Amino acid sequence: STTEKPILLNNIPDAEAFISGAEVAVIGFFQDPQSPEAEQFRLAAGQVPEVPFGLSSSAAVLSHYGASENTVALFRRVRGPAAWRGGHHEQLPPGNTLPGKNLHLQHKGLTAIGVMQSSLEFNLLLITDKMSPKHPEQMRKFRAAAELYKGKILFILLDSNLKSNERVLSYFQLKKSQLPALAIFHTPDDEHEVLSVDEISIERVQDFCNRFLQ
């Protein structure tokens, strides 16, 4: 294709149309579209021809998706009775490089999205308040658990504060008072299970995943 990658998204309707038009979509949010981080994002976009990449430096778009600058977000369509999109955000680390080479959870890069799109039928969501003081420790444990399920389960963070994620809470019949919660989802048949948790631990995530996989 001769279409320039990434596609520039100048406003919220452009971004929404871009996300809704694909099974998997990636958006880079950069205040300065000419920054070294944005240039690394363009390089990554060129390595994954099968996945659409968008780039936005619009303050309105960043605010709409709850993204800070130099953030990469993945949006994946998940089929279900009330179809919704899971999004997860990745803050780019210092050093002007995109993280990793395999997309699995937040701290990995963007070059294996095609593999994930075609082969990972299991999704594990951590639905939580990113503003909570417990959030950094929760994410540390969630990421550690993700390492145990590479190639088996796609781990996704879902911020309960984003209005766009309210449909997800409704789909899993969760109230904000029941968060944080883990929700595991088998995409081919819509089978899913939900667990409200006071504390996230690697062992608890393992136990929840293994029970579902059996």
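Where an unreviewed UniProt entry is consulted, the chain appears under the name ERP27 protein, with the organism given as Chloropsis hardwickii. Quoted verbatim from the Sequence similarities (unreviewed entry) field of UniProt, the annotation for the chain is "Belongs to the protein disulfide isomerase family."

### Structural notes on the pattern of salt bridges
Throughout the structure, instances matching the rule amount to six salt bridges. A salt bridge links Lys 141 to Glu 137; the nearest nitrogen and oxygen atoms lie 3.7 Å apart. Placement of both Lys 141 and Glu 137 in helix 5 (residues 135-147) is noted, with a separation of four residues, approximately one turn of the helix. The class of Glu 137 is partly exposed, set by a relative accessible area of 36%. For Glu 193, the salt bridge identified is with Arg 211, shortest N-O distance 3.4 Å. Pair noted here: Glu 193 is in strand 9 (residues 191-196) and Arg 211 is in helix 7 (residues 202-213), with a separation of 18 residues, a long-range link.

Definitions and cut-offs
- Residues numbered from 1 in each chain as written.
- Predicted model: local features only at pLDDT ≥ 70, side-chain atom pairs only at ≥ 80, totals over all residues.
- Heavy atoms only, no water.
- UniProt positions renumbered as here; feature names shortened; annotations may be inferred.
- Salt bridge = Lys/Arg side-chain N within 4 Å of Asp/Glu carboxyl O.
- Helix = DSSP H or I, 4+ residues; strand = E, 2+ residues; numbered from the N terminus.
- Buried < 20%, exposed > 50% of the residue type's maximum accessible area, 1.4 Å probe, protein only.

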